[in-house]
Structures are given as C-alpha cells and as structure tokens.
Amino acid sequence: GPHVHGYRVEGKTRLLGGRVTKDNLDRIYNRVKDRRMSSRERLLHWSRLREVVDGESFDGSPLGRAGKTLEVAAHRLTARAQDLKPFYDLFDRCALRITSMVFGGVASCQACIPPEKRQSAALLVDIGAGITDYVLYQNGVIVASGVVKIAGDDISHAISRALGIPPGDAETIKEEIGSQISIQDVESEDRYVGDRFEPPENFNYEVDLDRAARVMRNQLTKLFRQINDRLRVEGLGGAITGGVHLC
C-alpha cells in the first residue's frame, strides 16, 4: 500500500585492521540496515548497492582490499508495522507463523522480468486497482522501489468524469480497449481509435473512444512522470536498457 517506502541508506567506517574483511562488511551493513528505522517500521527488502574503499569504487567484492575507510550504500524498503499487523493477526488465528513478507513489486519481478534483463537496467511497473508498485533493477540487484498513488481506479474515474458515463462503463472501456491502444494511436492526428473499436453492445449511448484514449494516456503519463521523478531524485534517471515491464 501507500505506506510502503523505498530509499537509499549509506554508512562509513574506519578499517582498523587496514583491510576489508567479512566482519567489516557484515558489521557496517547491519548498522546501515537499521539506521533511522523506527519501531513503527518493518523491513520488507534491502539490497547492497556499492562499496567504496578510500574513495575508490570498483566492481566485485571488496574483501581483502587494503585501505583506511570503507563506505557502503544500500537500498531499503520498509512498511508501517501497524498496516501489516492485520496480516500477522490473521495468521496467528489460523495457528500459522509468518517468517517473512515480500513486497508485491519484488514478487512480480520474479515472474515478469527474465534474469538476464535484471542484469541491465530493467523497470517493473505493476499497476493495481488503487496503487502502482515499481521496482528498478541494475546489475542484478534492486536499486529503487516504491509505490505511486495513481492506478487503475484513477484511470477509470477519469474516463467516467471526462465522458460523463457511469464508472462501471468506464471500467469496461478501459479493460476492453485500453490494452490495445498505443501512444502512437493517441498522438497521431490521422488515426482514430473509434474507427477500429466499437463500444460493447450493451452500451445504449455513443462513446467518444478517442477522448477516452487521450484520458488514459494523460493518466499514464502522470503515473510514469512520478516514477521518473523519484528515480531522478535518487540519481537513477538514466536509460532503462533492460526495458519497462508492465504487469
């Protein structure tokens, strides 16, 4: 839900032995994992982003590297504990125990993004009814994730308001033809959605399908701009070479 937040956390420590060891890494990452996380938050996911020794960043493991300081960065995804409590209470009543919870966007990645795509920059956008989850992979790890409060219901309501039709009919238009309308169809002056699609037979009034298409495009543009703005704030506004995956 909207109570889920993903953000970057960083930490720095002195290398007392003059060399990076597994103990150094585990200790600083454990500090970073819990840093500034209140008792009202619960950790859903976290991933290591980079390690820097004496200001030098490099690929691969830093174990064994000589130096004086070690800096690390990680991505952390948390949720409000009170919003997760009903799930724990439900499982308790069923005499079951939750050992861990997975963010829906992370789970969707396993089904929608092939492993080789996750090795490049691949963005998953999971548009639900009330919220949209997004997850960005780079080099096989999650570097950004979160929730946007624009989703399927907002698109349906916008169509309903713009065309002056019942919400249920707007939902039907979105589901019946929305997935078949490309941005090129909407933007081109010599293509008309209404020339190729007809409203369902049970509609007893005319529907401006071209206007409906433009409403959908405007809502989706707002959605993707919000995601893009968040990625830019984290310095991740580069090319999505692994593609954008919708589900």
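Residues numbered from 1 in each chain as written. Predicted model: local features only at pLDDT ≥ 70, side-chain atom pairs only at ≥ 80, totals over all residues. Heavy atoms only, no water.

Looking now at the overall build of the protein chain. Helix and strand content of the protein chain: nine helices and eight strands. Taking all 247 residues of the protein chain together, the buried fraction comes to 40%. Long-range pairs, those at least 24 residues apart, make up 63% of the contacts in the protein chain between residues at least 6 apart in sequence. When the accessible area of the protein chain is evaluated, it comes to approximately 14,100 Å², of which 48% is carbon and sulfur surface. (Helix = DSSP H or I, 4+ residues; strand = E, 2+ residues; numbered from the N terminus. Buried < 20%, exposed > 50% of the residue type's maximum accessible area, 1.4 Å probe, protein only. Contact = heavy atoms within 4.5 Å. Areas by Shrake-Rupley, 256 points an atom, 1.4 Å probe, with all protein chains shown as cover.)

Before going further, it helps to examine the confidence of the model for the protein chain. Across the protein chain, pLDDT averages 84, with 87% of residues at or above 70. Note on residues 185-196: pLDDT under 50 across the span, and 17 contacts to partners over four residues away in sequence or across chains. (pLDDT = per-residue confidence, 0-100.)

Turning next to the pattern of salt bridges. Going through the model one piece at a time under the given rule, you end up with eight salt bridges. Between E10 and R8 there is a salt bridge, with its nearest N and O atoms 3.1 Å apart. With relative accessibility at 40%, the residue E10 sits in the partly exposed group. Note on R8: relative accessible area 33%, which makes it partly exposed. Notably, a salt bridge pairs K22 with D26, separated by 2.7 Å at the nearest N-O pair. (Salt bridge = Lys/Arg side-chain N within 4 Å of Asp/Glu carboxyl O.)

Moving on, we come to the packing of helix α5 (residues 152-163) against helix α9 (residues 209-233). Between α5 and α9, the shortest axis-to-axis distance is 9 Å and the interhelical angle comes to 140°. On the basis of the axis angle, α5 is oblique to α9. Regarding α5 and α9, the two cross each other, and that crossing is right-handed. Residue-level contacts link D154, I155, A158, I159, A162 and L163 of α5 to R211, A212, V215, M216, Q219 and L220 of α9. Split by residue class, the contact of α5 with α9 holds nine nonpolar, one polar and two charged. (Axes fitted to C-alpha atoms, helices over the stretch in contact; angles between N-to-C directions. Parallel < 35°, antiparallel > 145°, perpendicular 65-115°, else oblique. Left-handed = near helix turned anticlockwise from the far one by under 90°. Nonpolar A, V, L, I, M, F, W, Y, C, P; charged D, E, K, R; others polar.)

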